[in-house]
Every structure is written in C-alpha cells, then in structure tokens.
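Results of the structural survey
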Amino acid sequence: MLGRFAGHFSASPVSFELILPDKSIQRFGPATPGFRVNLKNPRGLRAIESIDEGQIGDAYVAGDIDIDGDMLQPFELRGAMKDFHPLIAAWRFIQPFLFGQVHTNKQAISAHYDVDPEFFLSFLDPETPCYTQGVYEDPNETLGVATRRKLKYCFEKLELKPGDHLLEIGPGWGAWFEYASSRGVRCTGISNSQASVDYLNGRAKTLGYDWELIKGDFLQYRTDRQYDAIVIMGVIEHLPDYGRVLNKFTTLLKPGRRIFLDASACTKKYELSSFMVKYIYGGNHSFLVLHDLLDKMAMTPLRVQEMFDDRFSYFLTFRQWATNFDQHRDAVIEKFGEFNYRRFRLYLWGAAYEFLSRSLDCYRMIIAYPK
C-alpha cells in the first residue's frame, strides 16, 4: 500500500511506524520507533506515497494524518523528501511586484498575527510574552529566566536611562515595553497588526503606562523625531529589503545611539518551505541573511558593535513554545479550531528541529550609529 515510500525509507536511520488506513502497522528503522504516523484515510496514504513534504504538511493540517511521539524526529526525514511547488514559490515574488512591498507586508503580517492574542499567549512565556528567543546559559533554565536575561542585555547594551525614548518595530505583546517602561523609558511602537496594537493599548491602560502605538508599516513611517534607541526583535525577517530598512534607521535614530536587532537566519535569501509560505508566513518573508545585511550596512554609517549566535537558545525557546502549545491543545482547539492548532504545532516543532540541526541560525546584535 505504501508504494514508493516503503522503498525510499527501507533503510531509514530514523525509527518510526506507520498505521495504515486498514489499521495494519509497518515499521521503519533499526530501533524502537520514536514516533508514530497514523494515516487516517486514503488521502493521508496518498500524501505519504508522494514523498513530498508540502503534500504531507497539507494532509496533517487537514487531519488526514496524525503524528505522536517524539515530535523532533519526524523532521529528520525532510532531507530525503522533495518540496517542489513552483506556483506557491512564484506567488511570493509576484505579489510584491504587482501590489508593492507595503501591501505584501500588511497582508502577510495580518494573516499571521491578527488573531486573538490568547492564541499566541497559549505558548509564549506567560510572564514575559516575547515572540523571539530567550538567552540561555543553562538548558535547564526556564524560558522566563532566559527571556529576562535577554531583556536585561538589551537594556544595558542600548545604554538606556530614565527619560530616554525608544522605538520598537513590532512590539508584539509588550514584554520589552513592560521591561523598559518599568525603568523609566518612554516607549513608541509601530506594528502592522491591529490585534497587537489593540492588545497593547489595553495593557498600557491596565499598567498605567503611556505607550504610543502606531498602526502602520515601518517603511512608510514618517516623523521628525529621533529616538534614543531602536529595538527590532524578530521582525527583520518580514523586511527583506535591508538597504531600505537600514537607511530608515539612520533617519530615526539619534547619532551616537544604538539599535538592538535579532533574527532567525539562514545562508540563502528567501529560502522557505512551501508549508511555511502557505500556512505561516506568506509574502516574500526571508530569514536573515547575514552577509547580505552586512553588505548593505557597509553602505551606511551604521556599524555592528557586538554580535552573538543564539542558535541553541532559539532551539530551546521553540521547544518550550511547542511543549506549551501541546499542553494547551484542547483549549486552543476549542477556541481557535483544529486547523490553527495543527498548522502551528507543525511550525513550532519544525522550527525547533531546524535550529537543533543547524539548518537555521539566530543572531542578536548591537548596531551603533556613530556621531
């Protein structure tokens, strides 16, 4: 029944088992199975037979396939699969060409972020809901400890003091705003997500902070103001035109002050699986390509002061997010539906594996604007 799949994975180094629609079980690999794939109907079987990760992802999201057990191990099979979906790939670049980058950003950000904040809060750390990696010194630390360490690093390296005014691009659910505001720093944030802006306005009212929230695209932001610091945590991935972004920084930052930037990264621009494009990040989203960023930065007055590779910290962060999400499975499905649970479950565990396997990197950096 498994056709090409059985032959393709007959010598698999990864041990797993498949439960076929007729309830028969076929095992692969040399050891005790680490995970189980349940093919619930003929559609699930056809997806597996295709040996195409995009089709298998579609089948999982549709509920034609279930996966349980060690959720990192299934992604070890990705390298032996194809992912050829030219129409999905082409539309990523046709859309900004036809409608412009600002429109593309708005559509992509809205599709990902404009849901009830409870959805993201179901997996982010409850006390420091930061949608980027913590900074771990010990893998056994909690995500909250790792996130607070990152916020402390950011605050100190930006040399912030009471009365300073910072701009955050994509303030998310306010973890950094709360940290900075409690230390006397004024906060302005700009976001394409209406859900984020509404949530933060409510949070500011609850906490008694005077946050300025601007709904709009960073590339269109116009002001005569210059800030004492700029913070962009995990947002440059949505802004792949680095030259335009860096030039914008120089108009918004006071000379002599600093930028904090972090991002998930890879070595090839716009490299993204069809599953990610279809279900998680549409548009021409791109992981950070470090050599491209530095090349564009060399054409500006901006200079990197410090840089760290936080790849393993991002693995630990994504693993904790995925674990949190699975622990809240029933509540997420009840409120947001099985489709949203399934697409994000595959995304969170898949991203954890990509950082673990070194397919993705993660950089955090301090960038100075010399006087």
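Use the structure listed above.
Starting from 1, residues in each chain are numbered consecutively following that chain's sequence as written. Given that the model is predicted, a residue must reach a pLDDT of at least 70 before its local features are reported, and side-chain atom pairs must reach 80 or more before they are shown or counted; all residues, however, enter totals for whole chains, interfaces and linings. Note: side-chain values were computed over all heavy atoms of the structure, leaving out hydrogens and water.

With that out of the way, let us pick up the overall build of the protein. From N to C terminus, the protein includes 14 helices and eleven strands. The quantity called the radius of gyration is restricted to C-alpha atoms. Its globule counterpart is 2.2 Å times the number of residues to the power 0.38. Relative to the globule expectation of 21 Å for 371 residues, the C-alpha radius of gyration of the protein, 22 Å, shows essentially globular dimensions. Taking the principal axes of the C-alpha coordinates as reference, the protein spans close to 70 × 40 × 35 Å. Three labels apply to residues, based on accessible area from a 1.4 Å probe with only protein chains included: buried if under 20% of the type maximum, exposed if over 50%, partly exposed otherwise in between. In the protein, buried positions account for 57% of the 371 residues. What makes two residues a contact is simply this: any of their non-hydrogen atoms within 4.5 Å. In the protein, the share of contacts with a sequence separation of at least 24, taken over all contacts with a separation of at least 6, comes to 70%. For the protein, the exposed surface amounts to about 16200 Å²; the carbon and sulfur share of it is 51%. Taken together, the 44 basic and 46 acidic charged side chains of the protein have centroids lying 3 Å from each other. Helix numbering and strand numbering both begin at the N terminus, where a helix is a DSSP run of H or I of at least 4 residues and a strand a DSSP run of E of at least 2. Only the protein chains shown count as cover for residues, and the accessible areas themselves come from Shrake-Rupley with a 1.4 Å probe. His is not counted here, nor are the chain ends, while Lys and Arg score as positive and Asp and Glu score as negative. To locate a charge, take NZ of a lysine, CZ of an arginine, CG of an aspartate or CD of a glutamate.

Attention now goes to the sheet that holds strand 4 (residues 65-69). Pairing between strands is defined by DSSP: at least two bridges between the two strands are required. If you trace the four strands from one edge of the open sheet to the other, you get 2-1-3-4, paired in mixed fashion. Each end of this open sheet is capped by a strand with a single partner; those strands are strand 2 (25-28) and strand 4. Sheet twist, expressed as the average angle between the axes of neighbouring strands with direction ignored, equals 20°. Sheet topology note: the strand 1 (residues 16-19)/strand 3 (residues 35-39) ladder contains four bridges and is parallel. Residue pairing in the sheet places leucine 18 in a bridge with valine 37 of strand 3. Its contacts with the sheet place helix 2 (residues 42-50) against strand 1, strand 3 and strand 4, and it is angled at close to 125° to strand 3. Axis lines are fitted to C-alpha atoms, over the contacting stretch for helices. Their N-to-C directions set the angle, which ranges from 0 to 180 degrees.

Relative to the elements of secondary structure, aspartate 292 occurs in helix 12 (residues 290-297). Sequence-distant contacts of aspartate 292, that is, excluding residues within four places in its chain, are made with Tyr242 and Lys269.

What follows is about the sheet that holds strand 7 (residues 212-215). Strand order in the open sheet made by the seven strands is 7-6-5-8-9-11-10, with mixed pairing throughout. Two strands in the sheet have a free side with no partner beyond their single neighbour: strand 7 and strand 10 (303-309). On average, each strand axis in the sheet is inclined to that of its neighbour by 15°, with strand direction left out of account. With respect to the sheet, helix 12 is in contact with strand 10 and strand 11 (361-368), its orientation differing from that of strand 10 by roughly 170°.

In the contact formed by helix 2 and helix 3 (residues 53-62), the axes pass within 7 Å of each other and the chain directions differ by 160°. In this view, helix 2 runs roughly antiparallel relative to helix 3, as classed from their interaxial angle. Handedness of the helix 2/helix 3 crossing: left-handed. Here helix 2 contributes Ala47, Ile48 and Ser50 to the contact with helix 3, which in turn contributes Gln55, Ile56 and Ala59. In the scheme used here, Gly and all other residues not listed as nonpolar or charged are polar, with Ala, Val, Leu, Ile, Met, Phe, Trp, Tyr, Cys and Pro taken as nonpolar and Asp, Glu, Lys and Arg as charged. Here the residues of the contact of helix 2 with helix 3 are counted per class, giving four nonpolar, two polar and no charged. If an angle is under 35 degrees, it is roughly parallel; if it is over 145, roughly antiparallel; if it lies from 65 to 115, roughly perpendicular; otherwise it is oblique. We call a crossing left-handed when the near helix sits turned anticlockwise from the far one by less than a right angle, and right-handed when that turn is clockwise.

With four bridges connecting them, strand 6 (residues 186-191) and strand 7 associate as parallel partners. What sits directly across from isoleucine 190, in strand 7, is isoleucine 214. Handedness of the crossover is the feature at issue here: the chain leaves strand 6, passes through helix 9 (residues 194-207), returns alongside strand 7, and the resulting connection is right-handed. Whether a crossover is right-handed depends on one test, that the path from the first strand over the helix to the second runs clockwise when the strands point away from the viewer.

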